[in-house]
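# Structure assessment
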Amino acid sequence: LRGQSRLHDESEPGQIIKAMATVAVKNPVILLDELDRVAAETRADVMGVLVELLDPEQNRAFLDHYLDVPFDLSEVMFIATANNTGNIATAVLDRLEPLNLPTYSDQDKIAIAAGFLLPQAVAEAGLPDGSLVIDSDVWEQIVRPLGYDAGIRTLQRTVAGVTRKVAKQIVMGEKQVVHVTKDNVGEYIERW
């Protein structure tokens, strides 16, 4: 987020200053995605910079070590995302206006997976029509193979993994049609 001093080899401006230079306006919207996924080793440093970015009293004179002069970020709108606020420093949370958005229910995920993700994954894997049949009572196990996940990225990867395994079986000549049931779902989902 904050650049390195020019005294270091290969120093460059931080991501915030680069974003400001790219958009070439003084009042952009900058997305700070997945604040909760900051590595434990760098959490204190990153959270300190975030406090400076988000605090209206401090962001008028944001100091990027590459520029080494204060930069006014007071007109920038920052939008931050996180799945779990437990990993975000209290000082950072105090400077945010939290909006809790509802997550997908299991039934929503099943509808999305069966109606959209599966046909997309079947097409990407090059499977012939009708070569993969998944029982309706198996979807709950596909939706939650490892527990609760708010979004559908993990579900998308799981469905794609199933279609890749089926594609491999068809290419190897082991099967022509795969019927996934509660009895054999473990063969198609990783880390079952």
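Per chain, residues are indexed from 1 in the order of the written sequence. The predicted nature of this model means local features are confined to residues of pLDDT at least 70 and side-chain atom pairs, given and counted, to a pLDDT of 80 or more, with totals for whole chains, interfaces and linings taken over all residues. Only heavy atoms go into the side-chain values, all of them from the structure, while hydrogens and water stay out.

### Describing the layout of surface pockets
Of the voids in this model, the largest pocket is the one considered here, and its volume is about 1,300 Å³. The wall of the largest pocket is formed by 39 residues, among which A80, T81, A82, N83 and L99 lie closest to the centre. Starting at the N terminus, helices and strands are each numbered in turn, a helix being any DSSP run of H or I of at least four residues and a strand any DSSP run of E of at least two. Every element with two or more residues in the lining of the largest pocket is listed here: helix 2 (43-54), strand 4 (77-80) and helix 6 (153-171). For the lining of the largest pocket, the element with the highest residue contribution is strand 4, accounting for 4 residues. Tallied by class, residues from the lining of the largest pocket come to 20 nonpolar, 10 polar and 9 charged. Here a cavity means grid points, on a 1 Å grid over the protein atoms only, where a 1.4 Å probe fits yet cannot get out; a pocket means an open set of points with protein on both sides within 12 Å along at least five of seven lines; lining residues are those with an atom within 4 Å of a point. Grid points are joined across faces, edges and corners, and a volume is the space filled by probe spheres set on the points. Under the grouping applied here, Gly and all other residues not named as nonpolar or charged are polar, the nonpolar ones being Ala, Val, Leu, Ile, Met, Phe, Trp, Tyr, Cys and Pro and the charged ones Asp, Glu, Lys and Arg.

### A look at unusual backbone geometry
A positive phi angle, close to 55°, is found at A24, a residue other than glycine. For A24, the position within the fold is in the loop between helix 1 (15-23) and strand 1 (29-32). Since its relative accessible area comes to 65%, A24 is described here as exposed. Phi is positive for D68, close to 60°, though the residue is something other than glycine. On the secondary structure map, D68 appears in the loop between strand 2 (62-63) and strand 3 (70-71). For D68, a relative accessible area of 56% corresponds to the exposed category. For every residue, the accessible area (1.4 Å probe, protein chains only) is compared with the maximum for its type, and the residue is labelled buried under 20%, exposed over 50%, or partly exposed between those bounds.

### Here's the deal with the environment of Y66
Locating Y66 in the fold gives a position in the loop between strand 2 and strand 3. Relative accessible area serves as the criterion here: at 21%, Y66 is assigned to the partly exposed category. Measuring from C-alpha to C-alpha, the distance between Y66 and R43 comes to 21 Å, with 23 residues separating the pair along the chain. The contact criterion used is simple: two residues touch if any of their non-hydrogen atoms lie within 4.5 Å. Setting aside residues up to four positions removed in sequence, Y66 forms contacts with G3, Q4, S5, R6, S11, E12 and P13.

### Some words on the pairing of strand 1
Working note: regular strand, side chains alternate between the two faces of the sheet. Taking every second residue as pointing to the same face, the buried face of strand 1 carries I30 and L32, while none of V29 and L31 on the other face is buried. As judged from the 4 bridges shared by strand 1 and strand 4, these two strands associate in the parallel manner. Paired with L31 across the two strands is I79, which belongs to strand 4. The rule for pairing is simple: two strands pair if DSSP sees at least two bridges between them.

### A word on the nonpolar core
Soluble, globular proteins show a tendency: their nonpolar side chains are buried together. Think of a nonpolar core as a cluster: buried Ala, Val, Leu, Ile, Met, Phe, Trp, Tyr and Cys residues, connected wherever their side-chain atoms sit within 4.5 Å. Of all hydrophobic cores here, the largest spans 23 residues; its most connected members are L132, I134, W139, I142, V159 and V180. Among the secondary structure elements, those contributing two or more residues to this core are helix 4 (106-125), strand 5 (132-134), helix 5 (139-143), helix 6 and strand 6 (178-180). A per-element tally of this core places helix 4 first, with 6 residues.

Everything listed is a geometric property; what it means functionally is a separate question.
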